[in-house]
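An overview of the molecular structure
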Amino acid sequence: MAKKSYRQAIAEALRQEMERDARVIVMGEDVAGGMGAPGEDDAWGGPLGVTKGLMPIFGRDRVLDTPITESAFIGAAAGAAATGLRPVAELMFVDFFGVCFDQIFNQAAKFRYMFGGKAVTPLVVRTMYGAGFRAASQHSQCLYPVFTHIPGLKVVLPSSPYEAKGLLIQAIRDDDPVIFFEHKAMYDEEEEVPDEPYAIPFGEANLTREGDDVTIVAFGRMVGFANQVADKLAKDGISCTVVDPRTTSPLDSDTILECVEETGRLVVVDEAHPRCSMASDIAGLAAQHVFGALKAPIQMVTAPHAPVPFSPSLEDLYIPSPDKIEAAVRKTMAS
Amino acid sequence: MQLSREELLKAYRQMCLIRAFEDTVHEEFSAGNIPGFVHLYAGEEASGVGVCLHLTDKDCIASTHRGHGHCIAKGCDVGGMMKEIFGRADGLCGGKGGSMHIADLSKGMMGANGIVGGGPPLICGAALTAKTLKTGGVAIAFVGDGGSNQGTTAESLNLAKVWNLPAVFVFEDNGYAESTASSWSVAGDLVERGKAYGMPARRVDGFDFFEVWDAAREAIERARNGDGPSVLHVKLSRYYGHFEGDAMTYRAPGEIDAVKAQKDCIALFKRRVTEAGLLEPDQLAAIEDETAREVADALVDAKAAPPPGEAKLLTDVYVAY
Ligand SMILES: Cc1ncc(C[n+]2csc(CCOP(=O)(O)OP(=O)(O)O)c2C)c(N)n1
Ligand SMILES: [Mg+2]
């Protein structure tokens, strides 16, 4: 086992699955790069280099650069998935879903149910999300709650390199459309990641910390923040459980509710906007099912209901921070 | 049609201003002073300036992620732009937009755009406003070669034609979309695409300011006269990477140097107007100094300006939670 970055873990999952199954293909804008250009081939490997090195191994027939036409190529990936390939399409930034959402939510997401169970659509859409990159309003959104709302889509939010590799392998082997959210601020984060392929099942939450006083449910990049807070507060005698649901659809509500019942206190940390969010969804589940166990009002730590600002001074205030999470935990402990 | 001396001076001034601005932003980005994604327009100046010289504030343009040149050509304040790029409180968008979203609607500048293909539909709308309210205005969409392939662009060409809108679609083909060559990504031909929608379409040498200016004059006049939309396919070259930080390994060795040496749009303009005796070398040199100073001052001001305070996080929203 070696230390690998989030970027390397994702690249390794792609490579190993492409080696295992010739039906797995990768497509997207500049996923190799240099198409038709006079300089180097494989010139980009995606804007942040995640897919670099795949094209020299698998060739342009399995690593396909596309024109800037998300509707056409995301839809083509859905059509190819429904007819025998297992495409992994890259929607560079999730913000660009606006250009191609019909092909995702009216087409791919509907096939299985609408065709009476006869369709299988093993499509993966890899996409970057999240703030912190000074990338402003159209390149920083979270949007996973929007996808989570749609029946027929599976939605994955890997919170570390280990999680990213196992969840992406599962996504590729899964027979339903999966939207795989990669946080752009996490690509250089490192941890031990096994060399061999492994799959992490969907719908099984991971407890990254176990404690008695407060349950913190956090998503994606926020899991790391929640762990930091839990470690810090442990020194002050406040013991936290941190739940990483891993997938927002399917959602492991059983594990979440069990933890809330045990601790009696709930903080939900979600980088998306507060309304119709994962935070409000989890809070609603707790209120519905374990109301009697709650010792204090549920706390939500989210971004505000505003677009992501460009200016670093504002963006830093915008993102849920460890400080805000700590304050929310202390607040629930105080009441 | 000939350009007046005033127009020639203005054209040179704007091209030099854009070049100085972009070279400065490049240096500042390289020094780590500018956050975020920055896409520079250096090399493409003749296009934005050659088109926008025909426009006034009642005319609208929509730009792309590579928007600084279009902003300057449309009359945006350079000081406000530099502050915006540095994320300052009194930048053109209050520091909330940054390089990719600079806009000034009072100047008819409807924004740089983070979404490739975001502009053309908006331009159909601006053209519809001009047509409905009989303002006499026109609306121009600047679109890259990459952006030319988006569905939104195809739909907008069709809509502009069937509604007979006062619009012009300017395809700025700099040879690449990120690392992908336009010779590969654009199937067929952009002039033929325009014609296929039943509109006049013309190929333009984007290194030649005069050719751009003339083609734009024709298309904009047509739009103003109620004779509908047109397409211009402008061939040009970008001098810097797709975004700042791009190593450009997909380009041929020496490719950019050769363009700079042989067909730089500013150098060509200078040669043309001095050889024809239209402007004096001294006048041009004065403009070069003046624009360099304007940008240098804008930089000093931007660096000294304060960022937006916490209270600004939740302004410009209709509900704050
Ligand atoms: C809908 C959408 N897809 C992809 C991108 C990422 N992207 C930004 S600029 C760009 C290339 C654009 O190329 P072109 O239109 O030729 O403009 P140029 O950069 O050459 O000026 C891409 C793919 C985006 N911003 N929006
Ligand atoms: Mg281009």
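**A closer look at the overall build of chain B**
Each helix and strand in chain B was counted, giving twelve helices and seven strands. Its C-alpha atoms give chain B a radius of gyration of 19 Å, within 12% of the compact-globule value 20 Å for 321 residues. Projected onto its principal axes, the C-alpha positions of chain B cover 60 × 50 × 40 Å. Across the 321 residues of chain B, 55% fall into the buried class.

**Quick word on the site of ligand 1**
Neighbouring residues of ligand 1: 23 residues in total, closest B:Val116, B:Gly144, B:Gly146, B:Gly147 and B:Ala177. Ligand 1 sits at a junction of chains, with neighbouring residues supplied by chains A and B. Here the residues of the shell around ligand 1 sort into eight nonpolar, ten polar and five charged.

**Considering the sheet that holds strand E7 (residues 230-235) of chain B**
All names here are of chain B. Pairing is parallel across the open sheet formed by five strands, whose spatial order is E1-E2-E3-E7-E6. Taken across any chain shown, the strands that pair with only one partner, and hence form the sheet edges, are strand E1 (60-62) and strand E6 (201-205). Within this sheet the neighbouring strands show an average axis-to-axis angle of 20°, counted without direction. Packing of helix H2 (residues 45-52) onto the sheet brings it into contact with E1, strand E2 (139-144), strand E3 (167-173) and E7, and relative to E3 it is tilted by some 165°. Running at roughly 170° to E7, helix H9 (residues 209-224) makes contact with E3, E6 and E7 of the sheet.

**Looking at the interface of chain B and chain A**
Contacts between chain B and chain A engage 43 residues on the former and 37 residues on the latter. Take the side of chain B that touches chain A: its biggest share by element is three residues, from helix H7 (residues 182-185) of chain B. Each residue belonging to the side of chain B that touches chain A can be placed in one class, and the counts come to 19 nonpolar, 18 polar and six charged.

**Quick word on the sheet that holds strand E2 (residues 24-28) of chain A**
Two strands in a sheet stick together by hydrogen bonds in their backbones, pointing the same way (parallel) or opposite ways (antiparallel). All names here are of chain A. In space, the seven strands of this open sheet follow the order E3-E2-E4-E5-E7-E6-E12, with mixed pairing throughout. Here the strands that pair on one side only, and so sit at the sheet edges, are strand E3 (63-65) and strand E12 (247-249). Going from strand to strand, the sheet's axes swing by 20° on average, the running direction of each strand aside. Two elements, strand E6 (residues 154-156) and strand E7 (residues 178-183), share three bridges in a ladder whose sense is parallel. Counted as the bridge partner of Val155 is Ile179 from E7. Relative to the sheet, helix H7 (residues 161-173) contacts E2, strand E4 (86-93), strand E5 (124-129), E6 and E7, its axis offset from that of E7 by approximately 160°.

**Focus: the pairing of E3(B)**
All names here are of chain B. Among the seven residues that make up E3, seven are buried, leaving the element largely enclosed by the rest of the structure. Here E3 shows no split at all, with Ala167, Phe169, Phe171 and Asp173 on one side and Val168, Val170 and Glu172 on the other all buried. Relative to E3, E2 runs parallel, the two being bridged by six bridges. Paired with Ile140 across the two strands is Val168, which belongs to E3. Between the parallel elements E2 and E3, the chain passes through helix H6 (residues 151-162) in a crossover that is right-handed. Of the strand pairs in this sheet, E3 and E7 are connected by six bridges, and their pairing is parallel. When the bridges of E7 are listed, Val168 appears paired with Ser230.

**What to know about helix H4 (residues 78-85) of chain B**
Owing to its 3.6 residues per turn, the α-helix brings residues three or four apart onto one side. Residue and element names in this part refer to chain B. Taking burial as the measure, the eight residues of H4 include eight buried ones, the bulk of the element. Along H4, the residues classified as buried are Val78, Gly79, Gly80, Met81, Met82, Lys83, Glu84 and Ile85. At the exit of H4 stands Gly87, carrying a positive phi of roughly 70°.

**Describing the domain arrangement of chain A**
All names here are of chain A. What the domain assignment reports for chain A is domain 1 (2-193) and domain 2 (206-334). Inter-centroid distance (C-alpha atoms) of domain 1 to domain 2 is 27 Å. Tallying the contact residues gives 24 residues for domain 1 and 23 residues for domain 2. Listing elements by their share of the side of domain 1 that touches domain 2, those giving two or more residues are helix H6 (144-148), E6, H7 and E7.

**As for the environment of A:Gly264**
Mapped onto the elements, A:Gly264 comes out in the loop between helix H9 (253-263) and strand E13 (266-270). Measuring from C-alpha to C-alpha, the distance between A:Gly264 and A:Gly46 comes to 45 Å, with 218 residues separating the pair along the chain.

Parameters at a glance
Residues numbered from 1 in each chain as written. Chains lettered and ligands numbered in written order. Predicted model: local features only at pLDDT ≥ 70, side-chain atom pairs only at ≥ 80, totals over all residues. Helix = DSSP H or I, 4+ residues; strand = E, 2+ residues; numbered from the N terminus. Rg over C-alpha atoms; globule rule 2.2 N^0.38 Å. Buried ≥ 20, exposed ≤ 12 C-beta atoms within 10 Å, placed from the backbone. Near = placed C-beta within 6 Å. Nonpolar A, V, L, I, M, F, W, Y, C, P; charged D, E, K, R; others polar. Pairing = 2+ DSSP bridges. Axes fitted to C-alpha atoms, helices over the stretch in contact; angles between N-to-C directions. Contact = placed C-beta atoms within 7 Å. Right-handed = clockwise from strand over helix to strand, strands pointing away. Domains from an automatic or database assignment.

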